[in-house]
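# Coordinates in review
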Amino acid sequence: RCGGQEHFYLEPMVSLVWCGDNDDLITISSTQAPQKHQKLISSALKIPCNRVVCKTKRLGGGFGGKETRAAFLNVCAAIPAFHMRKPISLVLDRHIDMAITGQRHAFLGKYKVGYSPEGKILALDMMLYNNAGNSLDLSAAIMDRALFHSDGAYKIPNVRVKGRCCKTNLPSNTAFRGFGGPQGVIFAEMWMDRVARKLGQPVEKIRHINLYEEGETCHFGQKMESSQLRACWDEAVAKADIDSRRAAADAFNAANKHRKRGIAATPVKFGISFTALFMNQAGALVHCYLDGTVLVTHGGVEMGQGLHTKVAQICAAELGIETDSVYI
C-alpha cells in the first residue's frame, strides 16, 4: 500500500474576478492552469473564451494541487461577478481547502515477481489500484505514469502491469509532484526489497545487477539512450561507502535496544515530459523598448521554483543586457 498526501501549499485556493468592458471577464487566481479556468468559466457563463482573461503572476505553492482543483472555485466566483457586475474574491480557509480539494492518490498494488537464484529479476505481474475520489479528474493519466514507472530503474524481461482507477466517496484526488511516478517507483522498491530479503543478500547488490543497461528497452517501448543510470549509481555508492556505514549501523543497532540506524540507496528512472505529447511545448512574448528595457510574458507558472528568475536570466544573456533590465 502507498498512502495519500496533502499538498499543504502555503497559499490556499484564491480567486479574484471582475467585469471589464463589453461583457468581458477578468480573473486573477492561484492556479497552475489558467487555460482550464478560461475554458470552464466560458462554458459556465455561455460566453466566448476570448471574453475571459485569466492571469496568474505567481503562486504561494502548488505542487499539482492547483492544476485542476482550483478551476471550479474560480467558476464559483465568476458566476456572481458576471451577473452582479461586482468584483468577487474567494479565499478558502485552510481546513476547507484541505477538506475539498483532494490530495495525492493512495495506491494499492498486488504483484508477483519471478527471479533467479542470483537475484536477477525475470518477470513481473502487477495490478495497481488508485483512489480516484468522486470524479476521474486526472486519475487516469496519473495511473498511466504509475504503470510507466512500475519497473523502477530495473530491466525486467517479462512484464505485465495493469491499472484501475477506483471511484470512492472522497473528494476527487488530483495531481501531485511526480504525478503517479513516485507510487510506481515505491512499489518497485517494495518487491525489490522483498527479493533481497528472500535471497539473504544486500538489497543494493540486487538493485545493481538489475539496473538498466545502455540501449535496453523499457516495458513501454522507450529505448534507454545516453543513460547515466549505472554511472550515477556506481559513483554515488562508492562515495557513500555503503558497506562500511551499514556495518557501523548494524553494530550500533546490536548495542542499542531503543535507538536504531539504517542506510539505503535507491536508483530512480523518471520521465520528465508530459505523456500527452502536445503539451510538451512552451511560448514567450518578448517586448524590447526604446529605453533598453525588456518585458517578457511567458506561458509558465511561477510557484516557487524560480521560473521568473530563470526566464529573466536567459533573456538577459541572449540580449546582452543586465537582468535588472528584464521584467516578467
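The sections below set out a description of the structure shown in this document. Computed from a predicted model, the values in this text were never measured in an experiment.

Reading guide: rules and limits
Counting restarts for each chain, with residues numbered from 1 along the sequence as it is written. Per-residue local features are limited, in this predicted model, to residues with pLDDT of at least 70; the limit for side-chain atom pairs, both in listing and counting, is 80 or more; totals at the level of whole chains, interfaces and linings are taken over all residues. With hydrogens and water excluded, all non-hydrogen atoms of the structure serve as input to the side-chain values. Secondary structure elements follow DSSP: runs of H or I of four or more residues count as helices, runs of E of two or more count as strands, with numbering from the N terminus. Between buried and exposed lies partly exposed: a residue is buried under 20% and exposed over 50% of the maximum accessible area for its type, with that area taken using a 1.4 Å probe on protein chains only. Whether two residues are in contact is decided by their heavy atoms, any of which lying within 4.5 Å being enough. Note on areas: Shrake-Rupley, 1.4 Å probe, and residue coverage restricted to the protein chains presented here. Positive charges come from Lys and Arg, negative ones from Asp and Glu, while His and the chain ends are left out of the count. Where a charge sits is defined by one atom per residue type, namely NZ (Lys), CZ (Arg), CG (Asp) or CD (Glu). Pairing of aromatic rings covers Phe, Tyr and Trp, the last through its six-membered ring, and needs centres within 6.5 Å; plane angles under 30 degrees mean stacked, over 60 mean edge-to-face, and all others mean tilted. Think of it as a cone above the ring: NZ of Lys or CZ of Arg counts as a charge over the ring if it is within 6 Å of the ring centre and within 35 degrees of the ring normal. By convention a nonpolar core is built from buried Ala, Val, Leu, Ile, Met, Phe, Trp, Tyr and Cys residues, the set being connected through side-chain atoms within 4.5 Å. Any two strands between which DSSP finds at least two bridges are classified as paired. Orienting the strands away from the viewer, one traces the path from the first strand over the helix to the second; a clockwise path indicates a right-handed crossover. Axis definition: a line fit to C-alpha positions, over the contact stretch in the case of helices; interaxial angles, taken between N-to-C directions, run 0 to 180 degrees.

What follows covers the overall build of the chain. The helix and strand inventory of the chain stands at nine helices and ten strands. When its C-alpha atoms are laid out on the principal axes, the chain stretches across 75 × 55 × 45 Å. When the 328 residues of the chain are sorted by exposure, 38% land in the buried category. When contacts within the chain are restricted to residue pairs at least 6 apart in sequence, long-range pairs at least 24 apart make up 70% of them. Counting every atom, the chain has about 18,400 Å² of accessible surface; 56% of that belongs to carbon and sulfur. Each charge class in the chain can be summarised by its mean position, and for the 40 positive and 30 negative side chains these summaries are 9 Å apart.

This brings us to the packing of aromatic side chains. Aromatic ring pairs are described here by two measures, namely the spacing of the ring centres and the angle between the planes. Within the structure shown, the criterion is met by two aromatic pairs. Aromatic side chains Phe148 and Phe220 sit 5.2 Å apart centroid to centroid with 55 degrees between the ring planes, which places their arrangement in the tilted category. With a gap of 72 residues between them, Phe148 in helix α4 (residues 139-148) and Phe220 in the loop between α6 (203-210) and α7 (229-240) connect regions that are remote in the sequence. A relative accessible area of 31% means that Phe148 is categorised as partly exposed. Classification of Phe220 as partly exposed rests on a relative accessible area of 33%. Above the ring of Phe8, the side-chain terminus of Arg94 is found at 4.7 Å from the ring centroid. Between Arg104 and the ring centre of Phe176, over which it is positioned, the NZ or CZ distance is 4.1 Å.

Here we take up the nonpolar core. Taken as a class, soluble globular proteins show a tendency for nonpolar side chains to be buried jointly. Ranked by size, the top nonpolar core spans 34 residues in total, and within it Phe107, Leu128, Trp191 and Met192 carry the most contacts. Put simply, the parts of the chain that give this core at least two residues each are β6 (121-133), α4, α5 (181-199), α6 and α7. A per-element tally of this core places α5 first, with six residues. With near-sequence residues (within four places) excluded, Leu128 lies in contact with Phe107, Leu108, Gly109, Met143, Ala146, Leu147, Lys162, Gly163, Arg164 and Phe187.

On to the pairing of strand β7 (residues 158-167). Bridge analysis of β6 against β7 gives ten bridges, and the strand direction is parallel. The residue of β7 that forms the bridge with Tyr129 is Arg164. For the crossover that starts at β6, traverses α4 and ends in the parallel β7, the hand is right-handed.

Our focus in this paragraph is the sheet that holds strand β8 (residues 284-288). Strand order in the open sheet formed by three strands is β8-β9-β10, and the pairing between neighbours is mixed. Because the sheet does not close on itself, it has two edges, and the strands there are β8 and β10 (326-327). Pairing of β8 with strand β9 (residues 294-298), which is carried by five bridges, proceeds in the antiparallel orientation. Looking across to β9, one finds that Leu285 is bridged to Thr297. With respect to the sheet, helix α9 (residues 307-319) is in contact with β8, β9 and β10, its orientation differing from that of β9 by roughly 130 degrees.

Moving on, we get to the sheet that holds strand β5 (residues 107-115). As a general point, the strands of a sheet are linked pairwise by backbone hydrogen bonds and lie either parallel or antiparallel. Ordered by their spatial adjacency, three strands build an open sheet running β5-β6-β7, and the pairing between neighbours is mixed. The strands lining the two open edges of the sheet, one partner per strand, are β5 and β7. Each adjacent strand pair in this sheet contributes to an overall mean axis angle of 5 degrees, direction not counted. Relative to β6, β5 is paired through nine bridges, and the arrangement is antiparallel. Bridge pairing in β6 places Val113 opposite Leu124. Here α4 sits on the sheet and contacts β5, β6 and β7; the angle it forms with β7, its principal contact strand, is near 160 degrees. Most of the contacts of α5 go to β5, to which it runs at about 40 degrees, and overall it touches β5 and β6.

In this section: the environment of Ile186. Following the sequence through the fold, Ile186 ends up in helix α5. Spatially, the C-alpha atoms of Ile186 and Asp291 are 54 Å apart, while their sequence positions differ by 105 residues.

To continue, consider the environment of Glu213. With respect to the secondary-structure elements, Glu213 resides in the loop between α6 and α7. A relative accessible area of 37% places Glu213 in the partly exposed class. With 205 residues separating them in the primary sequence, Glu213 and Phe8 have C-alpha atoms 38 Å apart.

As a further point, take unusual backbone geometry. Even without being a glycine, Asp23 presents a positive backbone phi close to 60 degrees. The topology assignment puts Asp23 in the loop between β1 (14-19) and β2 (25-29). In this structure, Lys46 takes a positive phi of about 55 degrees despite not being glycine. Residue position: Lys46 is located in the loop between α1 (34-45) and β3 (52-55).

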